[in-house]
Amino acid sequence: MAKGVHRSHRALGAALVVAALASTATACSGASEPDRGAAGPAAGQQAPGQAQGQAAAGALHAYVERVRERRTARVVAAKKWGLAKPPLEAPAPPAAKPRITTRKGFETDGEGLPPVFTTVPTKQKVVFLTIDDGAEKDPELLRMMKELRIPYSAFLSDYVVKDDYGYFARMQKSQETGVSLHNHTLNHRYLPGLSYKQQKREICGMQDVIEKRFGKRPPLFRPPYGNYNEDTLRAAKSCGVEAVPLWAAEAFPDHMEWREWDRDLHPGDIVLTHFRGKGDWKGTMPDMIRRVMNVITSKGYAVAKLEDYV
């Protein structure tokens, strides 16, 4: 999996603080002995160190103001959308992405296949929100997630998204950091019941659709119903899939379902939900987001961007 250095707004702020302090210290202290032969700044001009220090301090002030404005906007958005509390800010992601391995008990006999996992290895109090299929295309979801600045990833099936690719194109660009669109097969079939060739068509075919419609071949794939076999993983690898995230918890408008015995969240857990509306469950997609975010926030977790870790 690709590795990269990701800097959050906090990391930027810390860097600006260091720059401001370093520049100020340089301007004030200089060398141990002053250079008596050096010319001073002309009348009305600043020494270079002073100018750098003021520039860094100005940048830091602007950053602090942006953070304050964003937090205020999030509080307002939380009230607007009926959340009990504003979502917590996610910490800076790791400089190097963690090594992902297949969860114990989820292995096949094949080697070198994409890892299958339900939780990302991290000690940070973050979870990851993922939404499957694409049947419901509620514009209120896009507005809600943008205003609350909640990152999420979509796993799409062509048979339910092809009637409105434009909705998911808007989703992809609806947030400052983007919403990643991943593979959930062409037709949402039970893959272990298919031949290798049929599975490859389901997975590679959806890779082609996403690349054509949304501009990028996705690195992540989720098998329908969470069911797979070795042929599934072999086919996925042949299509360029790098990892197979399943889930540790599932969100509905009126309840949560849990994979683990303690019925709780854990650092790095992947949360699943679906593009559904009142015709399929007891509420709307905004109702579901309210439910899951109230649970996540009350347990002291923030939602982070899955692609920053995988």
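In this text the structure is predicted, and so the values were computed from the model without any measurement.

Draft legend 1. Summary view of the overall build of the chain. The helix and strand inventory of the chain stands at eight helices and nine strands. Counting across all 310 residues of the chain, residues that qualify as buried make up 45%. Excluding contacts between residues fewer than 6 apart, the proportion of contacts in the chain whose partners are at least 24 apart in sequence is 73%. Approximately 15,800 Å² of the chain is accessible, and the part contributed by carbon and sulfur atoms is 52%.

Draft legend 2. Here's a closer look at the packing of aromatic side chains. Inspection of the entire model under this criterion finds five aromatic pairs. Measuring from ring centre to ring centre gives 5.0 Å for Phe-128 and Tyr-309, while their planes differ by 65°; the resulting arrangement is edge-to-face. Note that Phe-128 is positioned in strand E2 (residues 126-133) and Tyr-309 in the segment after strand E9 (302-303), a separation of 181 residues in sequence. Pair check on accessibility: Phe-128 and Tyr-309 agree, each one buried. Relative to Trp-281, the ring of Phe-252 lies with its centre 6.0 Å away and its plane at 75°, an arrangement referred to as edge-to-face. Of this pair, Phe-252 sits in the loop between strand E6 (249-251) and strand E7 (256-258) while Trp-281 sits in the loop between strand E8 (270-274) and helix H8 (285-298), and the two are 29 residues apart along the sequence. On the accessibility criterion, Trp-281 (11% relative accessible area) is buried. One aromatic cluster is present, built from ring pairs that chain together Tyr-167, Phe-168 and Phe-275. When the ring centre of Phe-155 is taken as reference, the NZ or CZ atom of Arg-222 above it lies at 4.5 Å. One Lys or Arg, Arg-234, reaches over the ring of Tyr-196 and ends 4.4 Å from the middle of that ring.

Draft legend 3. Examining the nonpolar core more closely. Of all hydrophobic cores here, the largest spans 47 residues; its most connected members are Leu-141, Leu-156, Phe-168, Met-171, Phe-275 and Ile-289. It is H8 that provides the largest number of residues to this core, a total of seven residues. When residues no more than four places from it in sequence are discounted, the contact partners of Phe-168 are Gly-134, Lys-137, Leu-156, Val-161, Leu-181, Phe-214 and Phe-275. If you look at the next biggest cluster of nonpolar residues, it comprises 31 residues, including Phe-221, Tyr-228, Cys-239 and Val-310.

Draft legend 4. Molecular detail of the packing of helix H3 (residues 139-148) against helix H5 (residues 165-172). Where H3 meets H5, the closest approach of the two axes is 11 Å, and the angle between their N-to-C directions is 5°. By the angle between their directions, the pair H3 and H5 is classed as roughly parallel. Across the interface between the two elements, Pro-139, Leu-141 and Leu-142 from H3 touch Tyr-167, Arg-170 and Met-171 from H5.

Draft legend 5. A look at the side chain of His-188. Counting through the fold element by element, His-188 comes out in the loop between strand E4 (180-183) and helix H6 (196-214). Residue classification places His-188 among the buried residues on the basis of a relative accessible area of 14%. Reaching out from His-188, the side chain makes a polar contact with the side chain of His-184 at a distance of 3.1 Å. A distance of 3.4 Å separates a polar atom in the side chain of His-188 from a polar atom in the side chain of Tyr-225. Not counting residues up to four positions away in its chain, the partners in contact with His-188 are Ser-157, Tyr-159, Glu-202, Pro-224 and Tyr-225.

Draft legend 6. Seen up close, the pattern of salt bridges. Within the structure shown, the criterion is met by 14 salt bridges. Of the charged contacts in the structure, one is a salt bridge between Arg-276 and Asp-133, with a shortest N-O distance of 2.7 Å. With Arg-276 in the loop between E8 and H8 and Asp-133 in strand E2, this pair connects stretches of sequence that are 143 residues apart. Classification of Arg-276 as partly exposed rests on a relative accessible area of 23%. Among the ionic pairs, Arg-217 bridges to Asp-208, the shortest N-O distance being 2.8 Å.

Definitions and limits used
- Residues numbered from 1 in each chain as written.
- Predicted model: local features only at pLDDT ≥ 70, side-chain atom pairs only at ≥ 80, totals over all residues.
- Heavy atoms only, no water.
- Helix = DSSP H or I, 4+ residues; strand = E, 2+ residues; numbered from the N terminus.
- Buried < 20%, exposed > 50% of the residue type's maximum accessible area, 1.4 Å probe, protein only.
- Contact = heavy atoms within 4.5 Å.
- Areas by Shrake-Rupley, 256 points an atom, 1.4 Å probe, with all protein chains shown as cover.
- Phe/Tyr/Trp six-rings, centres within 6.5 Å; stacked < 30°, edge-to-face > 60°.
- Lys NZ or Arg CZ within 6 Å of the ring centre and 35° of its normal.
- Core = buried A, V, L, I, M, F, W, Y, C linked by side-chain atoms within 4.5 Å.
- Axes fitted to C-alpha atoms, helices over the stretch in contact; angles between N-to-C directions.
- Parallel < 35°, antiparallel > 145°, perpendicular 65-115°, else oblique.
- Polar contact = N/O pair within 3.5 Å; in protein donor to acceptor, adjacent residues only side chain to side chain.
- Salt bridge = Lys/Arg side-chain N within 4 Å of Asp/Glu carboxyl O.

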